[in-house]
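Here is how the chains run, residue by residue.
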Amino acid sequence: MTDYAPGSGAAATGKVVDLRSDTVTKPTPAMLAAIAAAQVGDDVFGDDPTVNALQERVAALLGKEAALFMPSGTQSNLCALLAHCGRGDEYIVGQLAHTYRYEGGGAAVLGSIQPQPLTNQPDGTIRLEDIAAAIKPDDPHFARTRLLALENTWSGNVLSTQYTNAACELAHARGLATHLDGARLFNAAVASGRSVADLARPFDSVSLCFSKGLGAPIGSMLVGSRELIDRAHRVRKMVGGGLRQVGLLAAAADHALTHHVDRLADDHALAKRLAEGLAALPGVTVTPPQTNIVFAQISDGRTPALLEHLKSRGVLATGLIGLRFVTHLDVDTPGVDHAIAAAREFLER
C-alpha cells in the first residue's frame, strides 16, 4: 500500500487501511498456488492427505499427541469445552475471555456447561486465589468444576509462562483439566521469544488459529491427547464440522505456518509505530502494545466521530471494546502512517 496522502479520502486513492482485525487478510499469490496444488481426499473418511499431514505437523509443533482441524476458533474452543466437560459441569474462565464473552454462550447453550467467570486483571491473568476460591466442593448442591480456560494472547497481551505454569499446576492439583484459547499463540511466541511448545506445555488442550496473524483464509486447530481429540472429533461432527476436501484449506494453513510466523515481528513493530504516533496526538491515551493489537481511548466521547472520520479517509478500525487497531499481513508502514495522519487531521482541528 503506497500513494497515501495525509487528509486524502479513500476515493482519492482507492486504497483502504483495514485495521479492524488480522482476520481481514487476503491470501497471498504463493498461498493461492499452494491451495491450487493441494492433494485432497474426503476428511470424513479420514483420507485427506493434506489435512492429515497438517494435523500431525501441528501436534508435533505443540508437543501434543494429536490435533484436529476446525473451520473456526469458536468451533475449536467449543469442541474442547464439550470434550472436557459434561452436562452439569463447570469451567472457570475470565470475565472478558473470548470463550465466555464472544462465542455465543455455546458451551452453556449446546453443552449445558456452566461457566464460572472471574475477573481478568489488566494483563489478562486471573488471580490464583480467585481460581482456588471458585473451585466448588464435591457436593450435589454445586456444579462440578472440571476445567480452567485461559487465553494467550489476551487483548494482545502475552501471559507469562510463570503465570500459566502456576495456574495450570493449581488446576491440576485440584483435579481440573486446563484449556488454552491460543488463537494468537504464534504472536505470543514471537513476542516472548519462546516456542509454541513451551507456551502450550502446561495445558491439556490448546486451540490456535491460522486465519488471524498467520493470514490463512480460514482454519483453526485443536491439539491435545489422542483421547481428548477423539472426543472432540465426535463433538465436531455433532456441530456440523464434518469436512470433506478440506485439504484445500489445510494447504493454506500449512503455507502460513511455513512462511508467515517469523514475519509476525513486522506486525508487532508496526503496532508499536502506530501506538507511538497516536499517543502523540491530543486527547489520546494508548495502551503500549505487546503484539499486534493497539487499544486507545479518546477523550470527550469522540470515538464514534473519529471512527467515521477515519473511514472517510480509508482507514477502518473498531470501537466495540475501546478504539482498537490490529496490524497484519496486509498492512505496511505507509498504511500505518496514513492512519496516524488521518487521526491527527481529526484530533488537531
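In the block above lies the structure referred to throughout.
Residues numbered from 1 in each chain as written. Predicted model: local features only at pLDDT ≥ 70, side-chain atom pairs only at ≥ 80, totals over all residues. Heavy atoms only, no water.

Colleague: Which residues make up the packing of helix H9 (residues 185–192) against helix H13 (residues 264–279), and what values do they have?
Modeller: Two elements in contact, H9 and H13, have axes whose closest approach is 9 Å; the angle formed by their N-to-C orientations is 80°. Comparing the axis directions of H9 and H13 gives the class roughly perpendicular. In this structure, H9 contributes Phe-186, Asn-187, Val-190 and Ala-191 to the contact, and H13 contributes Leu-264, Ala-265 and His-268. Counted by class, the contact of H9 with H13 contains five nonpolar, two polar and no charged residues. (Axes fitted to C-alpha atoms, helices over the stretch in contact; angles between N-to-C directions. Helix = DSSP H or I, 4+ residues; strand = E, 2+ residues; numbered from the N terminus. Parallel < 35°, antiparallel > 145°, perpendicular 65-115°, else oblique. Contact = heavy atoms within 4.5 Å. Nonpolar A, V, L, I, M, F, W, Y, C, P; charged D, E, K, R; others polar.)

Colleague: Mind laying out the layout of surface pockets, listing which residues take part and the relevant values?
Modeller: The computed volume of the largest pocket comes to approximately 700 Å³. Contributions of two or more residues to the lining of the largest pocket are made by helix H4 (73–84), helix H5 (98–101), strand E6 (177–182), strand E7 (205–209) and strand E10 (293–298). Top contributing element to the lining of the largest pocket by residue count: H4, with three residues. Residues that form the lining of the largest pocket fall into these classes: nine nonpolar, 15 polar and eight charged. Approximately 260 Å³ is the volume found for the second largest pocket. (1 Å grid on protein atoms, 1.4 Å probe; cavity = no way out; pocket = protein on both sides within 12 Å on 5 of 7 lines; lining within 4 Å. Points joined across faces, edges and corners; volume = space filled by probe spheres on them.)

Colleague: Describe unusual backbone geometry, listing the residues and the values that go with them.
Modeller: Residues Asn-152 and Thr-153 are joined by a peptide bond in cis, for which omega reads 5°. Along the polypeptide, Thr-153 turns up in the loop between strand E5 (144–151) and helix H8 (161–173). Although it is not a glycine, Ser-155 sits at a positive phi angle of roughly 50°. Within the secondary structure, Ser-155 sits in the loop between E5 and H8.

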